[in-house]
Amino acid sequence: MSKLWGGRFTKATDHLVEEYTASITFDQKMALHDIQGSIAHVTMLGETGIIPQDEAKQIAAGLQQIEKKVQKGEVQFSIEDEDIHMNIERQLHELIGPVAGKLHTGRSRNDQVATDMHLYLRDKVEGIIEALQQVQLALYEQAVEHKETILPGYTHLQRAQPISFAHHLLAYYWMIQRDKERFQESMKRINISPLGAGALAGTTFSIDRRRTAELLQFAKVYPNSLDAVSDRDFIIEFLANASLLMMHISRLSEELILWMSQEFQFIELDDAYCTGSSIMPQKKNPDVPELLRGKTGRVYGNLISLLTVMKGLPLAYNKDLQEDKEGMFDTVETLEGALPLLAGMLATMKVKKEKMQAAVCKDYSNATDIADYLATKGIPFREAHRIVGETVLYAISQGKYLLDLSMEEFQRFSPQFQEDVYVVLQPQHVMAARRSEGGTSPEAVEQQLNLAAHLLQEDGVLKHQ
Ligand code: ARG
């Protein structure tokens, strides 16, 4: 098969070179976007009179036929045609004959490939935003159930203060909210047309870039042809946003894994989201959150790869740029795999309230509250902190928790301790006392829930109550 660019050559390409330089094995994922871009381009060529209207229509009709064949998986791609662009053009030749050769008028593969990636990523990011909304919905719905459920809150992975389980889940809700906003904001830079930039300098044909942008529903066109074909910032930004998102998912996964351990026993993931061991019959392993945590690594890797590919590249197109695709596809597919699993796993997770409640009764995480209690009675907070520190030390030496101490024992440390200290020390009271905005009291959590509900309603994923 002769090359579409074969005129300048006297020898066939070495087969190893052909294999090494081809991208068709992976860029066929953009086949439909490539056809979409070509249809817009040829429509514009016809409208502007650059090629005759009837020929433009014939080419567009041919492309539509190939589109159907691609959708049905009937197109055979070949490595001799190197990439998706030339494979589609070859198909068109076979279908409609030499007139197919007019499609590439006023265009280069350099603006074509960039267009394909903008179109591909626009579609994929829209889907990712919707999948993120489902994760948020799952977090929200569990939070609604567990406003009053008490969980030990940790700092340094040491018991710190009891908190509402809903509060903990909502922390992830807000992280995902920021991720979603980042993807939404990035659309501004994804939804822009490089088509018509040509190889690097524009074209001698009187093309209409605004028209192709309009046909492809791009919000604007790149103002500079060199930038249009050299820019991969929008992919790097996507990979960076995906990395941040995966970091959040990984932290949540880590907590789910810890909480499901024998040592914590705070939650149990549904059987449908766990797997067993081939040797230890008793085991139920949290493989899904482990893999979510593990897959974070490849997404970071994809970001670093592309940043590194780009760092020394002179303008404009260089073949190195072909290395921009696999990491992008891999990241898209990693997110597409992860997000529905995460949503389903959260929605079906069983929360062991009694275990969480039992845990907060067996620690000193109510100590801050009696330091605050003494401070309200006029003792400087630093002094109160010392008194309570000594009280805790004493309680530990006696093998008791603070609630087990008698009034006589309390008063050895300060005469300001009165009977009401036993109320203040109750975990439920400790949680409820943190009423400040964004705090963990049920009222403050209710405010967060209202705000979250409002945002989910705006996104159309939660019905108005
Ligand atoms: N397969 C190429 C890529 O993915 C398409 C652009 C090729 N352009 C060129 N001048 N060789 O980057």
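Please refer to the structure placed before this passage.
Residues numbered from 1 in each chain as written. Predicted model: local features only at pLDDT ≥ 70, side-chain atom pairs only at ≥ 80, totals over all residues. Heavy atoms only, no water.

Help me get a handle on helix H13 (residues 353–360), residues and values and all.
Residues Met356, Ala359 and Val360 constitute the buried set of H13. The arc that holds the buried residues of H13, viewed along the axis, is 95°, so those residues lie on one side. Of the surrounding secondary structure, the elements contacted by the buried residues of H13 are strand S1 (150–155), strand S2 (158–164), helix H7 (165–190), strand S5 (267–268), strand S6 (350–351) and helix H18 (427–432). (Buried < 20%, exposed > 50% of the residue type's maximum accessible area, 1.4 Å probe, protein only. Helix = DSSP H or I, 4+ residues; strand = E, 2+ residues; numbered from the N terminus. Arc of directions from axis to C-beta. Contact = heavy atoms within 4.5 Å.)

So what about a nonpolar patch on the surface? Which residues, and what values?
A surface patch of nonpolar side chains, amounting to about 270 Å² of accessible area, comprises Leu200, Leu226 and Leu315. Following the sequence through the fold, leucine 200 ends up in the loop between strand S3 (192–193) and helix H8 (209–215). Residue leucine 200 is classed as partly exposed on the basis of its relative accessible area of 40%. (Patch = residues over 30% accessible without salt bridge, like charges linked within 9 Å, V, L, I, M, F, W, Y side chains within 5 Å. Areas by Shrake-Rupley, 256 points an atom, 1.4 Å probe, with all protein chains shown as cover. Salt bridge = Lys/Arg side-chain N within 4 Å of Asp/Glu carboxyl O.)

Outline the site of the ligand, supporting the account with residue identities and numerical values.
Every residue near the ligand is listed here: Ser23, Asp83, His85, Arg109, Asn110, Val113, Tyr317, Gln322 and Lys325. Here a nitrogen atom of the ligand sits 3.1 Å away from a polar atom, N or O, in the side chain of serine 23. In the model, a nitrogen atom of the ligand is placed 3.1 Å from a nitrogen or oxygen of the aspartate 83 side chain. Relative to its unbound accessible surface of 350 Å², the ligand loses 87% to contact with the protein. The element contributing the most residues to the shell around the ligand is helix H6 (residues 109–145), with 3 residues. Considered class by class, the residues forming the shell around the ligand number 2 nonpolar, 4 polar and 3 charged. (Near = heavy atom within 4 Å. Polar contact = N/O pair within 3.5 Å; in protein donor to acceptor, adjacent residues only side chain to side chain. Nonpolar A, V, L, I, M, F, W, Y, C, P; charged D, E, K, R; others polar.)

I'd like a description of the pairing of S1, backed by residues and values.
Here S1 runs beside S2; their pairing, made up of 6 bridges, is antiparallel. Of the residues in S2, the one forming a bridge with leucine 151 is isoleucine 163. Taking the residues that link successive antiparallel strands as the turn, the S1-S2 hairpin has 2 residues, and the phi of histidine 156 there is positive, at about 55°. (Pairing = 2+ DSSP bridges.)

Run through the layout of surface pockets, naming residues and quoting values.
As a volume, the largest pocket reaches approximately 470 Å³. As for the largest pocket, its lining consists of 20 residues, of which Tyr154, His168, Tyr172, Arg251 and Glu255 are closest to the centre. Elements that contribute at least two residues to the lining of the largest pocket include exactly S1, S2, H7 and helix H10 (233–260). The leading source of residues in the lining of the largest pocket is H10, at 5 residues. By residue class, the composition of the lining of the largest pocket is 11 nonpolar, 5 polar and 4 charged. (1 Å grid on protein atoms, 1.4 Å probe; cavity = no way out; pocket = protein on both sides within 12 Å on 5 of 7 lines; lining within 4 Å. Points joined across faces, edges and corners; volume = space filled by probe spheres on them.)

Can you explain the packing of aromatic side chains? Please cite residues and give values.
Think of a pair of aromatic rings as described by two things: how far the centres are apart, and how the planes are tilted against each other in angle. Taken as a whole, this structure holds 12 aromatic pairs when the rule is applied. Look at phenylalanine 165 and tryptophan 259: their rings are 5.5 Å apart centre to centre, the planes differ by 65°, and that puts the pair in the edge-to-face class. Here the residue phenylalanine 165 occupies a position in helix H7, and tryptophan 259 occupies one in helix H10, the gap between them amounting to 94 residues. Across this residue pair, the class does not change: phenylalanine 165 and tryptophan 259 are buried. Seen in terms of ring centroids, tyrosine 373 and phenylalanine 417 are 6.2 Å apart; in terms of plane orientation they differ by 15°. Their pairing is stacked. Taken together, the residues span a long stretch of sequence, with tyrosine 373 in helix H14 (residues 367–376) and phenylalanine 417 in the loop between helix H16 (407–411) and helix H17 (421–424) at a distance of 44 residues. In terms of burial, tyrosine 373 and phenylalanine 417 fall into one category: buried. Clustering of aromatic rings is evident, with ring pairs tying together Tyr373, Phe410, Phe417 and Tyr422. One Lys or Arg, arginine 122, reaches over the ring of phenylalanine 218 and ends 5.0 Å from the middle of that ring. (Phe/Tyr/Trp six-rings, centres within 6.5 Å; stacked < 30°, edge-to-face > 60°. Lys NZ or Arg CZ within 6 Å of the ring centre and 35° of its normal.)

Explain the side chain of glutamine 136 to me, and be specific about the residues and the numbers.
Relative to the helices and strands, glutamine 136 is located in helix H6. Of the polar contacts made by the side chain of glutamine 136, one reaches the side chain of glutamine 177; its length is 2.9 Å. Among residues more than four places away in sequence, those in contact with glutamine 136 are Tyr173, Ile176, Gln177, Lys180, Leu456 and Asp459.

Lay out the pattern of salt bridges with the relevant residues and their values.
Pairing between side chains of opposite charge can happen when their charged atoms approach one another. Evaluation of the coordinates by the stated rule reveals 28 salt bridges. The residue arginine 211 makes a salt bridge to glutamate 47 at a minimum N-O spacing of 2.7 Å. Within this pair, whereas arginine 211 is found in helix H8, its partner glutamate 47 is found in helix H3 (residues 31–47), the two being separated by 164 residues in sequence. Put simply, aspartate 81 and arginine 90 hold a salt bridge, and the shortest N to O gap is 2.8 Å. Residue aspartate 81 is classed as buried on the basis of its relative accessible area, which comes to 3%. Linked by salt bridges that have partners in common, Glu82, Asp83, Arg109 and Lys319 make up one network.

I'd love a proper account of the side chain of serine 230, names of residues and values included.
Looking at where serine 230 falls in the secondary structure, it is placed in helix H9 (residues 225–230). Take serine 230: its relative accessible area is 11%, and that puts it in the buried class. Within polar-contact distance, the side chain of serine 230 engages the backbone oxygen of leucine 226 at 2.7 Å. Contact partners of serine 230, with chain neighbours within four places excluded, come to Met310, Leu315, Ala316 and Tyr317.

So what's going on with H3? Which residues, and what values?
Taking 1.5 Å as the rise per residue, H3 with 17 residues should run 24 Å; its terminal C-alpha atoms sit 24 Å apart, in good agreement. Burial of H3 is extensive: 13 of the 17 residues sit out of reach of the surface. Backbone geometry just after H3 places glycine 49 at a positive phi near 80°. (Expected span 1.5 Å × (residues − 1).)

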